[in-house]
Amino acid sequence: MLGQAVGAYTDATHGMTLSAVTMPYYKFILKYGTAKFARYAVNVWGVNPQGKTDTQVANEGLAVMESWMKKIGLVMNITQLGATKEMLDGMVKSTLVMDGGYKVMNEEDIRAVLQASF
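(A) Region of the structure containing the pattern of salt bridges. All told, the structure shown has six salt bridges when counted by the stated rule. Of the charged contacts, one joins E66 and K70 as a salt bridge, the two residues approaching to 3.8 Å between their closest N and O atoms. Of this pair, E66 and K70 are both found in helix α4 (residues 54–71), four residues apart, which corresponds to roughly one turn of the helix. In this structure, K93 engages E107 in a salt bridge whose closest nitrogen and oxygen atoms are separated by 3.2 Å. One end of the pair, K93, is in helix α5 (residues 88–94); the other, E107, is in helix α6 (residues 107–116), and 14 residues separate them in sequence. Among the ionic contacts, a cluster of salt bridges with common partners joins K27, E66 and K70.

(B) Spatial organisation of the packing of helix α1 (residues 2–10) against helix α2 (residues 14–29). Two elements in contact, α1 and α2, have axes whose closest approach is 8 Å; the angle formed by their N-to-C orientations is 130°. On the basis of their axis angle, the class for α1 and α2 is oblique. Considering the relative orientation of α1 and α2, their crossing is right-handed. Every residue of α2 that contacts α1 at L2, G3, Q4, V6 and G7 is listed here: H14, T17, V21 and Y25. Looking at side-chain class alone, the contact of α1 with α2 contains four nonpolar, five polar and no charged residues.

(C) Looking closely at a nonpolar patch on the surface. Side chains of M1, L96 and M98 sit close together on the surface and give an oily, nonpolar patch of about 310 Å² of accessible area. Tracing the chain through its elements places M98 in the loop between α5 and α6. The partly exposed category is assigned to M98, whose relative accessible area is 49%.

(D) Just the packing of α2 against α4, in detail. With their axes 11 Å apart at the nearest point, α2 and α4 run at an angle of 170° to one another. Accordingly, the angle class assigned to the pair α2 and α4 is roughly antiparallel. The residues of α4 that touch α2, namely those facing S19, T22, M23, Y26 and K27, are L62, M65, E66 and M69. Taken together, the residues of the contact of α2 with α4 sort by class into five nonpolar, two polar and two charged.

(E) Spatial organisation of the packing of aromatic side chains. Under the criterion given, the structure shown has six aromatic pairs. Between W45 and W68 the ring centres are 5.6 Å apart and the planes differ by 50°, which places this aromatic pair in the tilted class. Here W45 is found in helix α3 (residues 34–45), whereas its partner W68 is found in helix α4, with 23 residues between them in sequence. Here a set of aromatic residues connected by ring pairs shows up, and it is made of Y25, Y26, F37 and Y102.

Procedures and definitions
Residues numbered from 1 in each chain as written. Predicted model: local features only at pLDDT ≥ 70, side-chain atom pairs only at ≥ 80, totals over all residues. Heavy atoms only, no water. Salt bridge = Lys/Arg side-chain N within 4 Å of Asp/Glu carboxyl O. Helix = DSSP H or I, 4+ residues; strand = E, 2+ residues; numbered from the N terminus. Axes fitted to C-alpha atoms, helices over the stretch in contact; angles between N-to-C directions. Parallel < 35°, antiparallel > 145°, perpendicular 65-115°, else oblique. Left-handed = near helix turned anticlockwise from the far one by under 90°. Contact = heavy atoms within 4.5 Å. Nonpolar A, V, L, I, M, F, W, Y, C, P; charged D, E, K, R; others polar. Patch = residues over 30% accessible without salt bridge, like charges linked within 9 Å, V, L, I, M, F, W, Y side chains within 5 Å. Areas by Shrake-Rupley, 256 points an atom, 1.4 Å probe, with all protein chains shown as cover. Buried < 20%, exposed > 50% of the residue type's maximum accessible area, 1.4 Å probe, protein only. Phe/Tyr/Trp six-rings, centres within 6.5 Å; stacked < 30°, edge-to-face > 60°.

What follows is the structure in structure tokens.
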């Protein structure tokens, strides 16, 4: 839903908005699903877990993912899509909050993720 709100303010495609908010969102929710992020890092990105905590493995996986996203030329922030700080309040207010996921986000959470997406 973060991407939907960004798209409403920038007219960017859904895929572009998703790539722009993915890393800030994943970093925000990491602490709520660390074990799953660690498993993802090992199984998808080939991170070696030996001698590392789940948090270290998960963060390493996200770093590899971010590097790959940049390598293939994905949009990495909402500024690249035309978003401005003046749009932030509107994007926060228009983000639909849904139950489920690692954490049900509130306005403060949404603001933090979108600010990190600039």
